[in-house]
Amino acid sequence: MPFTFKLFHVDDSRCGMPVSTDGVLLGAWAPLVQAKTILDIGAGSGLLSLMAAQRSQAQITAIELDSNAALDCQQNFDASHWLDRLEVICCDIQAYCQHEPQRQFEHIICNPPYFANGPQSSDASRAAARHTDSLSFDSLLSAIKQLLAPQGAASLILPIESVKLFESKLSQYKLKLSQRLLAASVEGKAANRQVLVLRHALLNTDDPKSPSEPRVAGNLEAINEQQLYIRQKNGQYSQAFNLLSRDFYLKL
């Protein structure tokens, strides 16, 4: 269903996942304003890339596996104010990593597939967008490890039930969690989404116990943690979500 924002329009009619509050939350909150280069993994309709273009001066590369979604993405880029800073590449992220082994980005943003099991939609594109069959956490983290600049950050949004598994894999890829946003759908409810910001973990080469195997350090550092609920009990957007999304939603 087409969706018009204040400064751009998104047609997602060929995409497996439509424009969602999750995407808007991630695109509005991710700390990408100062980045000069941004990678959008699994771009879909291009929503996150367009939000990033509005919030920054970055050159933005959108990677999308599904050819129909990539057509929507390119169409939305063509209609935007920022076409000269946006490109879409139709391929999977593993192929991109192999083709561009030296490429790095100051920020990576992704609203990844997150269901590891359970029933899948009969719509193949929707199933691929929601299930890790199309992009496992290991594949995603491997790509982030390779493509993220040394001082860069990667922002992702996950349902609460997927976070533990995702976090358990970070040290394997020498990544660490630096920021976390706990997001609840309604005031008074438990958080059902987390926005996570990842960075490279530092290597401690001064560890005398293991001189030949530098250990990953930095994972015990304090994590910047915030909380937010999207709607008040009366159904209206909360003040915090209003502040985040007012530059995008037409009626705010």
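Just above, that's the structure.
Read on for an overview of the structure. Chains are numbered independently. Their residues run from 1 in the order of the written sequence. Note on the predicted model: pLDDT of at least 70 is required for a residue's local features to be given, and 80 or more for side-chain atom pairs to be given and counted; whole-chain, interface and lining totals, by contrast, use all residues. By convention in this description, side-chain values take in all heavy atoms of the structure and omit both hydrogens and water.

1. Some points on the side chain of Arg193
Right, on to step 1. Counting from the N terminus, the helices are DSSP H or I runs at least four residues long and the strands are E runs at least two residues long. Along the chain, the position of Arg193 falls in strand 9 (residues 193-200).
Right, on to step 2. Engagement of the side chain of Arg193 in a polar contact is seen with the side chain of Asp22, the distance being 2.6 Å.
Right, on to step 3. Discounting chain neighbours no more than four positions away, the residues touching Arg193 are Asp22, Tyr114, Ile157, Leu158, Pro159, Ile160, Leu181, Leu182 and Ala183. Counting of polar contacts relies on pairs of N or O atoms within 3.5 Å, with two restrictions inside protein: one atom must be capable of donating a hydrogen and the other of accepting it, and residues adjacent in sequence are counted only when both atoms are side-chain atoms. In this analysis, two residues are considered to be in contact whenever any of their non-hydrogen atoms come within 4.5 Å of each other.

2. So, helix 3 (residues 67-78)
Right, on to step 1. The length a helix should cover is 1.5 Å for every residue beyond the first. Here helix 3 contains twelve residues, and its C-alpha end-to-end distance of 16 Å stays within 8% of the 16 Å for a straight helix at 1.5 Å per residue.
Right, on to step 2. Relative accessibility decides the category of a residue: with a 1.4 Å probe and only protein chains considered, values under 20% of the type maximum give buried, values over 50% give exposed, and everything between is partly exposed. Taken residue by residue, helix 3 has Ala69, Ala70, Asp72, Cys73, Asn76 and Phe77 as its buried positions. Along the axis of helix 3, the buried residues cluster in a sector spanning 160°; they form a single face.
Right, on to step 3. At the N-terminal boundary of helix 3, the capping side chain belongs to Asp66, with an oxygen 3.1 Å from the backbone nitrogen of Asn68. Read the arc as the range of directions from the helix axis to the C-beta atoms.

3. Some words on unusual backbone geometry
Note: most residues except glycine have negative phi, and most peptide bonds are trans.
Right, on to step 1. For Lys174, which is not a glycine, the phi torsion comes out positive at approximately 55°.
Right, on to step 2. The class for Lys174 is partly exposed, based on a relative accessible area of 33%.

4. What about the sheet that holds strand 7 (residues 148-159)?
Right, on to step 1. A pair of strands counts as paired when DSSP detects no fewer than two bridges linking them. Read from one edge of the open sheet, eight strands run 5-4-3-6-7-9-8-12, paired in mixed fashion. Each having just a single partner strand, strand 5 (86-90) and strand 12 (224-231) make up the two edges of the open sheet. Strand-to-strand twist in this sheet, taken as the mean axis angle between neighbours without regard to direction, amounts to 20°.
Right, on to step 2. Both strand 3 (residues 37-41) and strand 4 (residues 59-64) contribute to a ladder of five bridges, which runs parallel. Its bridge partner being in strand 4, Thr37 is matched across the sheet by Gln59.
Right, on to step 3. Where helices are involved, their axes are fitted lines through C-alpha atoms of the stretch in contact, as for all axes, and angles between N-to-C directions lie from 0 to 180°. Helix-sheet contacts for helix 3 involve strand 4 and strand 5, and the interaxial angle to strand 5 is about 170°.
Right, on to step 4. Seen against the sheet, helix 7 (residues 160-168) touches strand 7, strand 8 (175-186) and strand 9 and runs at an angle of roughly 145° to strand 7.

5. Description of the environment of Leu135
Right, on to step 1. Within the fold, Leu135 resides in the loop between helix 5 (124-130) and helix 6 (137-147).
Right, on to step 2. Looking at Leu135, the relative accessible area reads 10%, which means it is buried.
Right, on to step 3. Residues Leu135 and Gln94 lie 41 residues apart in sequence; the distance between their C-alpha atoms is 9.3 Å.

6. Topic: the side chain of Ser245
Right, on to step 1. Positionally, Ser245 belongs in helix 8 (residues 239-245).
Right, on to step 2. According to the relative accessible area criterion, Ser245 is buried, its value standing at 0%.
Right, on to step 3. At 2.7 Å, the side chain of Ser245 and the backbone oxygen of Phe241 are in polar contact.

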